[in-house]
Amino acid sequence: MTRSPGSSPVPRRRLGAHGPDVPVLGLGSWNTWDRMRPADAVALILDALEHGVELFDVAHYDMGPHAENARTDLIFGEAVREAGVAREDWLLCGKLWLWEYPRKGFAEQLDVALDRIGTHRADLVVVGDFFGELPIPAVVADVAEQIAAGRFTAWGVNNWSARDVWTARRFAAAEGLTPPTFAQLKYSPARRAVAEGAPFAELFADGLALQASDVLEGGILAGNLHPQRKIGADPGNLRDRIREVYPKLAHAAAEFDATPAQLAIAFCLTHPAVATVLFGASRMSQWHDNLKALDLVTKHGTTLRDSLADIWVDADIIDPAASGT
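Only a predicted model underlies this, so the values are computations on that prediction, with no experimental measurement involved. Along each chain, residue indices are assigned from 1 in the same order as the chain's sequence is written. Given that the model is predicted, a residue must reach a pLDDT of at least 70 before its local features are reported, and side-chain atom pairs must reach 80 or more before they are shown or counted; all residues, however, enter totals for whole chains, interfaces and linings. To get the side-chain values, take all heavy atoms of the structure and skip hydrogens and water.

Enquirer: Explain the overall build of the protein chain to me, using residue names and the numbers behind them.
Expert: Comment: elements are numbered from the N terminus, with helices defined as DSSP H or I runs of at least four residues and strands as E runs of at least two. From N to C terminus, the protein chain includes 11 helices and 10 strands. Its C-alpha atoms give the protein chain a radius of gyration of 19 Å, within 12% of the compact-globule value 20 Å for 325 residues. In terms of principal-axis extent, the alpha carbons of the protein chain reach across some 50 × 45 × 40 Å. Pairs at least 24 apart in sequence give 79% of the contacts found in the protein chain among residues at least 6 apart. Just to be clear, the radius of gyration here is over C-alpha atoms, and the globule rule we use is 2.2 Å times residues to the power 0.38. Note on definitions: a residue-residue contact is assigned when non-hydrogen atoms from the two residues lie within 4.5 Å.

Laid out in structure tokens, this is it:
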């Protein structure tokens with residue numbers, strides 16, 4: 001899709017020292033595209049591209065806690081083809097799962113995931129999640145093999161500890177391989193401890209970028225306090241506390257003449273390491289509403305954070321798995 005230089009209203013940031021420039025907003029896919037009519041999905045994709053938001057996080061959910069036979073990736077592939085968008089005009093951020101690694105290797109996973117979307121390559125991948133110990137050097141080497149094969153060019157991690165990210169980056173540097181360039185972490189005005197903690201601050205200072213995900217807590221911070229659909233995991237069992245502080249978020253948003261969702265997204269964009277904020281949108285009105293978060297950042301900047309100081313529910317939680325360099 002051809003645009004005039006500078007025509008995009010959505011700013012861009014570098015996705016870490018080894019990543020591409022990306023729009024500060026990206027569209028996620030979990031339980032999103034399968035909640036839309038096909039024509040609406042096509043229209044939303046085209047509108048996102050017109051606004052300069054060409055980053056789509058699309059995964060094949062088929063193992064571990066996500067063994068749910070989801071069709072969201074198939075639906076996205078059909079919609080982007082129906083939209084008639086050239087492959088070079090959108091960025092695909094895929095996922096490589098570690099639940100069954102190395103029994104299910106990365107080449108095999110990519111073959112299936114890319115075929116379901118209908119493309120031969122991704123642009124980025126996120127590697128995660130996992131329980132227990134992980135052979136990190138093997139993961140880094142296997143990722144490098146897929147990069148060498150032209151399957152994608154940059155990668156990040158999903159909910160790894162800071163210690164494990166350091167291990168991956170140091171091994172990659174020693175071996176001349178591509179290191180993880182971003183961390184996809186749960187981050188919201190209510191859930192901040194990992195993304196704003198000292199261990200990851202050191203990584204961000206070292207050039208790692210933050211990709212904020214689950215910023216609306218499955219819709220809770222948008223006002224849907226008891227979502228009926230499946231939503232993301234809840235580390236620390238914080239969701240009841242997040243529901244309790246939602247009225248404070250709504251009050252603060254009203255003070256800015258904004259919606260709670262807009263304020264939550266804008267808050268995440270004020271983190272200095274955030275390169276992009278991911279959220280799902282299953283209606284055009286929701287998409288347009290969330291876009292207005294950019295106006296809040298432009299008008300109020302980091303002062304937004306002051307209004308939300310008392311809704312941080314995990315401020316007293318220290319995750320030992322997140323520490324260690």
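This is not the end of the story, as more comes after the structure.
Enquirer: Would you mind going over empty space enclosed by the protein in detail, with residue names and values included?
Expert: The method works on a 1 Å grid over the protein atoms by themselves. A cavity is a set of points holding a 1.4 Å probe that cannot get out, a pocket is an open set with protein on both sides within 12 Å along at least five of seven lines, and residues with an atom within 4 Å of a point line them. Grid points are joined across faces, edges and corners, and a volume is the space filled by probe spheres set on the points. What the rule picks out here adds up to 1 cavity of 30 Å³ or more. What the largest cavity holds in volume is close to 80 Å³. If you go around the largest cavity, the residues you meet are Val58, Ala59, His60, Leu92, Gly94, Lys95, Leu110, Ala113, Leu114, Ile117, Ala122 and Val125. When contributions to the lining of the largest cavity are tallied by element, the ones reaching two or more residues are strand S5 (91–96) and helix H3 (106–117). All amino acids are sorted into three groups, where Ala, Val, Leu, Ile, Met, Phe, Trp, Tyr, Cys and Pro are nonpolar, Asp, Glu, Lys and Arg are charged, and the leftover types, Gly among them, are polar. For the lining of the largest cavity, the per-class residue count stands at 9 nonpolar, 2 polar and 1 charged.

Enquirer: Pulling in residues and values, what's your account of the packing of helix H4 (residues 136–148) against helix H5 (residues 162–175)?
Expert: Relative placement of two packed helices is described by the angle separating their axes and the distance separating the axes. Where helices are involved, their axes are fitted lines through C-alpha atoms of the stretch in contact, as for all axes, and angles between N-to-C directions lie from 0 to 180°. As a packed pair, H4 and H5 sit with axes 9 Å apart at the nearest point and diverge in direction by 55°. Put simply, H4 runs oblique to H5. For the element pair H4 and H5, the recorded crossing hand is right-handed. Here H4 contributes Ile136, Pro137 and Val140 to the contact with H5, which in turn contributes Asp164, Thr167, Ala168, Phe171 and Ala172. Here the angle decides the label: under 35 degrees means roughly parallel, over 145 means roughly antiparallel, 65 to 115 means roughly perpendicular, and every other value means oblique. In a left-handed crossing the near helix is turned counterclockwise from the far helix by less than a right angle, and in a right-handed crossing that turn is clockwise.

Enquirer: Describe the packing of H5 against helix H6 (residues 198–205), listing the residues and the values that go with them.
Expert: Axis separation between H5 and H6 bottoms out at 9 Å; the angle between their running directions is 25°. In this view, H5 runs roughly parallel relative to H6, as classed from their interaxial angle. Of the two possible hands of crossing, H5 and H6 adopt the one that is left-handed. Contact residues: Ala162, Val165, Trp166 and Arg169 in H5; Pro199, Phe200, Glu202 and Leu203 in H6. When the residues that make up the contact of H5 with H6 are grouped by side-chain class, the tally is 6 nonpolar, no polar and 2 charged.

Enquirer: Break down the pattern of salt bridges for me, with residues and values.
Expert: For this analysis, a salt bridge means a side-chain nitrogen from Lys or Arg found within 4 Å of a carboxyl oxygen belonging to Asp or Glu. Taken as a whole and judged by the stated rule, the model has 17 salt bridges. Two residues, arginine 151 and aspartate 111, come together in a salt bridge whose shortest N-O distance is 2.9 Å. Here aspartate 111 lies in helix H3 and arginine 151 lies in the loop between H4 and strand S7 (154–158), a separation of 40 residues in the sequence. Note on classification: 1.4 Å probe, protein chains only; a residue is buried when its accessible area is under 20% of the maximum for its type, exposed when over 50%, partly exposed between these limits. For arginine 151, a relative accessible area of 15% puts it in the buried group. As a salt-bridge pair, arginine 239 and glutamate 217 come within 2.7 Å of each other at their nearest N and O atoms. Placement of arginine 239 in helix H7 (residues 239–255) and of glutamate 217 in the loop between strand S9 (209–213) and H7 is noted, with a sequence separation of 22 residues between them. We note that arginine 239, like glutamate 217, is buried. Through salt bridges with shared partners, a single ionic network connects Lys186, Arg191, Asp214, Glu217, Asp234 and Arg239.

Enquirer: Hey, could you go over the confidence of the model for the protein chain for me, with residue numbers and the actual values?
Expert: Every residue carries a pLDDT, the predictor's confidence in it, which falls somewhere between 0 and 100. Confidence in the prediction for the protein chain averages 92 pLDDT; 94% of positions are at 70 or higher. Contacts for the low-pLDDT stretch residues 1–7, under 50 throughout, to residues beyond four places or in other chains number 7 contacts.

Enquirer: Tell me what's going on with the packing of aromatic side chains, and back it up with residues and numbers.
Expert: Each pair of aromatic rings taken from Phe, Tyr and Trp, with Trp reduced to its six-membered ring, is defined by centres within 6.5 Å and is described as stacked if the planes are under 30 degrees apart, edge-to-face if over 60, and tilted in the remaining cases. Summed over the entire model, instances satisfying the criterion amount to 12 aromatic pairs. The interplanar angle of 70° and the centroid separation of 6.4 Å between the aromatic rings of tryptophan 155 and tryptophan 160 together place this pair among those described as edge-to-face. Assigned by exposure class, tryptophan 155 and tryptophan 160 land together as buried. An aromatic cluster is present here, built from Trp33, Phe56, Phe76 and Trp90 joined pairwise through their rings. By definition here, charges over rings are those cases where NZ of Lys or CZ of Arg is within 6 Å of the ring centre and within 35 degrees of the ring normal. A cation sits over an aromatic face here: arginine 87 above tryptophan 90, 4.2 Å from the ring centre.

Enquirer: Tell me about H3, and please be specific about residues and values.
Expert: Expected span of a helix, by definition, is 1.5 Å for each gap between consecutive residues, and there is one gap fewer than residues. Here H3 contains 12 residues, and its C-alpha end-to-end distance of 16 Å stays within 8% of the 16 Å for a straight helix at 1.5 Å per residue. All of the buried residues along H3 are Phe106, Gln109, Leu110, Ala113, Leu114, Arg116 and Ile117. End-on, the buried residues of H3 take up no more than an arc of 155°, which puts them together on one face. Those residues of H3 hidden inside the fold are in contact with helix H2 (72–82), S5, strand S6 (124–127) and H4. Residue glycine 118 follows H3 closely and has a positive phi angle near 95°. For this quantity, the arc is that covered by the directions from the helix axis to the C-beta atoms.

Enquirer: A description of helix H10 (residues 293–300) should follow, citing residues and the corresponding values.
Expert: Among all positions in H10, only Ala293, Leu294 and Leu296 are buried. Down the axis of H10, the buried set is contained in an arc of 160°. They therefore lie on one face. Turned more than 90 degrees from where H10 packs its buried face, Thr298 and Lys299 sit exposed. Where H10 is buried, its residues touch strand S3 (25–27), helix H8 (260–269), helix H9 (284–291) and helix H11 (303–306). Glycine 301, located one to two residues past H10, shows a positive phi value of around 55°.

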